[in-house]
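# Coordinate inspection notes
Next come the chains, spelled out residue by residue.
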Amino acid sequence: MKPDRNLGTFDNRLMNGLEFCRKVYEFFEQIRNSPGGVNRLRLRGKIEKKLIEELIPIARYIQTRYSAGRLLKVRWILGSQQYDARLLSAGALPENGVVPKLQYVEVTTVVHEHDHLLRSLISAQGHAFGVKGVSRDRKSRKIESKPHVYRYREAEDDLTKRILASIAAKNSKAYPVGTVLVIQCVPDQLMLSDDWEYVVQKVRGANVKHRFDEVFFFESRYTATL
């Protein structure tokens, strides 16, 4: 099936939360299965960037919150407003004041600053060492990749620092009352459950102060909430 590469499918359209998730994941698969689709997802043009960095994180959050007693509707908005989406909750939980009936969602991604170079290099030659060994030569502008040996919890500590810095940066901005901050985490290397738990405990142990209703952070397999 030829992908409908049109963000108008989602922009400013109120949808049932689970229907939104289905459409987002189908859109991803349509692009991935189209000619050159994997490379487009890796290099992230405007459409792919919005899909990967906004739509998918919102869908991931909705999946964890949609439940008996809480039916969600979502309206994602393409633009420069102070948030990325609005959520409406119905059912027993909002009716009894357990969760708000209206929330806003702001999405951000924490990732190594050279992640875009790593993706470009993999696109060009099909392989590379880890992101911490990737750089661009100032004179030749050529992207180079060298091995980097991580020491003990170096990768997890780096991710922790990025998460805390992201929360602090977002907390300094003005958002509507009732905003949920969703942080998509891209670790430098594969994380196992104990690695993720280490990061979660370090983030929680920092006792960071924020004004959000909730800070929800996740990586490919794991989630956590502040």
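Our structure is the block above this text.
Just so you know, these numbers come straight off a predicted model, no measurement behind them. (Residues numbered from 1 in each chain as written. Predicted model: local features only at pLDDT ≥ 70, side-chain atom pairs only at ≥ 80, totals over all residues. Heavy atoms only, no water.)

### Looking at empty space enclosed by the protein
- Evaluated as defined, the whole model comprises 1 cavity of 30 Å³ or more.
- Roughly 40 Å³ of volume is contained in the largest cavity.
- Along the walls of the largest cavity sit Ala155, Glu156, Pro187, Asp188, Gln189, Leu190, Met191 and Asp195, which together make up its complete lining.
- Residue classes in the lining of the largest cavity are distributed as 4 nonpolar, 1 polar and 3 charged. (1 Å grid on protein atoms, 1.4 Å probe; cavity = no way out; pocket = protein on both sides within 12 Å on 5 of 7 lines; lining within 4 Å. Points joined across faces, edges and corners; volume = space filled by probe spheres on them. Nonpolar A, V, L, I, M, F, W, Y, C, P; charged D, E, K, R; others polar.)

### Here we look at the pattern of salt bridges
- Considering all chains together, one arrives at 16 salt bridges under this definition.
- With its nearest N and O atoms 2.8 Å apart, the salt bridge here joins Arg119 to Asp115. You can see Arg119 and its partner Asp115 sitting in helix H5 (residues 115-125), 4 residues apart, about one turn around the helix. Judged on exposure class, the residue Arg119 and its partner Asp115 are both buried.
- With a shortest N-O distance of 3.2 Å, Arg153 and Glu156 are connected by a salt bridge.
- The class for Glu156 is buried, based on a relative accessible area of 6%.
- Each of Arg153, Glu156, Asp194 and Asp195 takes part in salt bridges that share partners, so that together they form one network. (Salt bridge = Lys/Arg side-chain N within 4 Å of Asp/Glu carboxyl O. Helix = DSSP H or I, 4+ residues; strand = E, 2+ residues; numbered from the N terminus. Buried < 20%, exposed > 50% of the residue type's maximum accessible area, 1.4 Å probe, protein only.)

### A word on the packing of helix H6 (residues 154-171) against helix H7 (residues 193-205)
- Contact geometry for H6 and H7: axes closest at 9 Å, N-to-C directions at 40°. As the angle between them shows, H6 and H7 are arranged oblique. Once H6 is placed against H7, the crossing between them reads as right-handed. When H6 is examined against H7, the residues Glu156, Asp157, Leu159, Thr160, Ile163 and Leu164 are found in contact with a partner set consisting of Asp195, Trp196, Tyr198, Val199, Lys202 and Val203.
- In the contact of H6 with H7, the residues fall into 7 nonpolar, 1 polar and 4 charged. (Axes fitted to C-alpha atoms, helices over the stretch in contact; angles between N-to-C directions. Parallel < 35°, antiparallel > 145°, perpendicular 65-115°, else oblique. Left-handed = near helix turned anticlockwise from the far one by under 90°. Contact = heavy atoms within 4.5 Å.)

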